[in-house]
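Observations on the model geometry
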Amino acid sequence: MYPPADHRIHLFNEPLARDLPARAARALLAQGLACRPPVDGTVYGTLLNDAGALAALGEAMHASPYKAPPKAPILYIKPRNTHAGHGATVVVPDGDAGIEIGGSLGIVIGRTAVRVCAEQALEFVAGYTIVADLSIPHQSLYRPSVRFRARDGFCVMGPAVIARRLVDDPDALDIAIDLNGKAPFRANTATSIRHVAQLIADVTDFMTLSAGDVLTLGVPYGVPVARAGDTVRIAIDDWAPLCFSTIAQGDAQ
Amino acid sequence: MMRGRVAYAGAIHEAYPHERGVRLADGRICPEDEVVWLAPIEPGTIFALGLNYAEHARELQFSKQDEPLVFLKGRGSVIGHRGVTRRPSDAAFMHYECELAVVIGRPAKTVKRGEAMHYVAGYMIANDYAIRDYLENYYRPNLRVKNRDGGTVLGPWFVDAADIDDVAQLELRTYVNGALRQHGNTRDLVTDVASLIEYLSSFMTLAPGDVILTGTPDGVANVDVGDEVVCEIDGLGRLVNVIASDAQFNRDGS
């Protein structure tokens, strides 16, 4: 994947992605068109990288089964069956749990990154996107089942990859998540424990990230839970927001 | 049929077993150590099973499980036959895991156990390395333990499902520097191949090229720099890997 010059957006009904200025991308999206994910690599989710999320664990970090606070970045993979684009419909499984809407900054890698130091890490970033890292709410972080995070459609991304040069400071971005147009949940990437460059440095110390791979900065603490029939909107800064809806399992085909 | 994927003379080739090494699709015959072995397929999603042999679970002191312990691995961790895997100098316990790798051949969603084997394209050998020192108790096994570069060795061959008479009767063996260290049989899987496909496809869609590493039997042991680790499974061949040092990667430590 080549780094985008501006806004990379892949309309659902088109064979190839487009690379457009912000205004043209917004005009396209204003027509209500659905998109594919604007990336095609492996998506790595990051856990407990938000100061609030870590603080919420509190003393439990020192007790069984965790025994100690996390040291290295804690990651998981959002496999390809989870990848979905702007305008997707996500199936809420039967039961009362709903779906936690883990809105996160997605760091899109632009070239092979291994053993990258923090000072140079941003040079390996193609751009940024919005990731809705969805999960079935679960209490234990010890060894949760993959069925909480790996269901079809549980990683909605886009609508665009925004070129790195257009983002002044990835560590000071407002995130807003709203359900059905109600007052949004708000967070900011500034509360991350590892900021973007440090996260890339610590992850690429033991594994290679390739062009097109996505690393999420991590889900803020206290994100909302959606139920079937909700419309979800995730905004970062003034970028075109990521929107999708949810449907009950029984109503899905 | 057994198929491999090798790099030779400036291109990537499909390769087949031959008495003098490997035969490339274009007819050339090469000694097996003159080609560079890649993983036999480019995997999609990689699933791995923890504690899926009863004896190994006992070895690690785990009790009975509610559902299969599945974790995911990234494609970036994959290397082929005769590759090298780095052992960080600060690690005290790095171990191999010989596993049967199942390759999915058709999209699979809510597949029942009785039909599940129709969704299997074939099999490979996997060596799923772990570095126990880096284990942390959040989202176990964390990727620093299990998703390292070179940590998923696949090959040498992709073997068609039709060529394996009974996938539930395959012997697995691991040799370190020629000595047998790990030995098991797929008949002892806690959750067998068909049940794994039923389980995974009950909440997600499996796609062609997805790979399930079905877990390892007991007998894991530490390996050191320079060790040759050979994983062997009946009918699938022998998968060779050598442990490399930090210095070979121009690293000072860790």
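You'll find the structure just up there.
1. Things to note about the environment of Arg86(B)
Residues and elements named next belong to chain B. Within the secondary structure, Arg86 sits in strand S9 (residues 83-86). Of the residues examined, Arg86 reaches a relative accessible area of 9% and is grouped as buried. Taking the C-alpha atoms as reference, Arg86 lies 10.0 Å from Gly226; in sequence the two are 140 residues apart.

2. A look at the sheet that holds S9(B)
Residue and element names in this part refer to chain B. Strand order in this open sheet of five strands is S9-S19-S18-S15-S16, and the pairing throughout is mixed. The strands lining the two open edges of the sheet, one partner per strand, are S9 and strand S16 (179-185). With direction set aside, neighbouring strand axes in the sheet form an average angle of 25 degrees. Summarising the sheet, strand S15 (residues 171-176) and strand S18 (residues 228-233) pair through five bridges and their orientation is antiparallel. Among the inter-strand pairings, Tyr175 is bridged to a residue of S18, identified as Val230.

3. Considerations on the packing of aromatic side chains
Enumeration over the complete set of coordinates arrives at four aromatic pairs over all chains. Look at Tyr66(A) and Tyr138(B): their rings are 4.9 Å apart centre to centre, the planes differ by 5 degrees, and that puts the pair in the stacked class. Of the two residues, Tyr66(A) sits in the loop between helix H2 (51-57) and strand S5 (74-78) while Tyr138(B) sits in the loop between strand S13 (130-131) and helix H2 (143-146), which places them in two different chains. Here the two residues Tyr66(A) and Tyr138(B) agree in accessibility, since each one is buried. Ring centres of Tyr199(B) and Phe203(B) lie 5.3 Å apart, and the angle between their planes is 75 degrees; on these two criteria the pair is classed as edge-to-face.

4. Brief notes about the interface of chain B and chain A
Across the boundary between the two partners, chain B contributes 37 residues, which contact 41 residues of chain A. Of the roughly 3300 Å² buried at the junction of chain B and chain A (both faces included), carbon and sulfur atoms supply 53%. When the buried area of chain B at its contact with chain A is split by residue, Tyr138(B), Tyr139(B) and Phe203(B) rank highest and sum to 27% of it. Linking chain B with chain A are three salt bridges. Glu67(B) is the salt-bridge partner of Arg147(A), the closest N and O atoms lying 2.8 Å from each other. Broken down by secondary-structure element, the contributors of at least two residues to the side of chain B that touches chain A are strand S7 (69-73) and H2 of chain B. If one sorts the elements of the side of chain B that touches chain A by residue count, S7(B) sits on top with five residues.

5. Regarding the sheet that holds strand S11 (residues 174-179) of chain A
Residue and element names in this part refer to chain A. An order of S7-S16-S15-S11-S12 is seen for the five strands of this open sheet, with the pairing classed as mixed. Two strands lie at the open edges of the sheet, namely strand S7 (89-92) and strand S12 (185-188), each paired on one side alone. In this sheet, adjacent strand axes meet at a mean angle of 20 degrees when their direction is disregarded. As defined by bridge partners, S11 adjoins strand S15 (residues 231-236) across five bridges and the pair is classed as antiparallel. Bridge pairing in S15 links Asp178 to Arg233.

6. Description of a nonpolar patch on the surface
Taken together, Val84(B), Val242(B) and Phe249(B) make up a surface patch of nonpolar side chains, about 210 Å² in accessible area. Positionally, Phe249(B) belongs in the segment after strand S19 (237-244).

What counts as what
- One numbering rule holds for all chains: residues counted from 1, following each sequence as written.
- Written order decides the labels, with chains lettered from A and ligands numbered from 1.
- Under the rules for a predicted model, residues below a pLDDT of 70 receive no local features and side-chain atom pairs below 80 are neither given nor counted, while totals for whole chains, interfaces and linings still include all residues.
- The side-chain numbers reported here are obtained from all heavy atoms of the structure, hydrogens and water having been left aside.
- Here a strand is any run of E in DSSP of at least two residues, a helix any run of H or I of at least four, and the numbering for each starts at the N terminus.
- Exposed residues in this analysis have more than 50% of their type's maximum accessible area, buried residues have under 20%, and partly exposed residues fall in between, with area computed by a 1.4 Å probe over protein chains only.
- Any two strands with at least two DSSP bridges between them are considered paired.
- Axis angles are defined between N-to-C directions and span 0 to 180 degrees, where every axis is a line fitted to C-alpha atoms and, for a helix, only to the segment in contact.
- The pairing test for Phe, Tyr and Trp rings, Trp by its six-membered ring, is centres within 6.5 Å, and the orientation test on the planes gives stacked under 30 degrees, edge-to-face over 60, and tilted for anything in between.
- Contacts were defined at the residue level, with two residues in contact if any of their heavy atoms lie within 4.5 Å.
- Accessible surface is computed with a 1.4 Å probe, and the buried area is the amount of it that two parts give up when combined, taken over both parts together.
- Only one rule defines a salt bridge in this text: a Lys or Arg side-chain nitrogen within 4 Å of an Asp or Glu carboxyl oxygen.
- Each patch is built from residues that are more than 30% exposed by relative accessible area and take part in no salt bridge. Like charges join if they lie within 9 Å; nonpolar side chains (Val, Leu, Ile, Met, Phe, Trp, Tyr) join within 5 Å.
- The Shrake-Rupley method, run with a 1.4 Å probe sphere, supplies the accessible areas, and residue values consider only the shown protein chains as cover.

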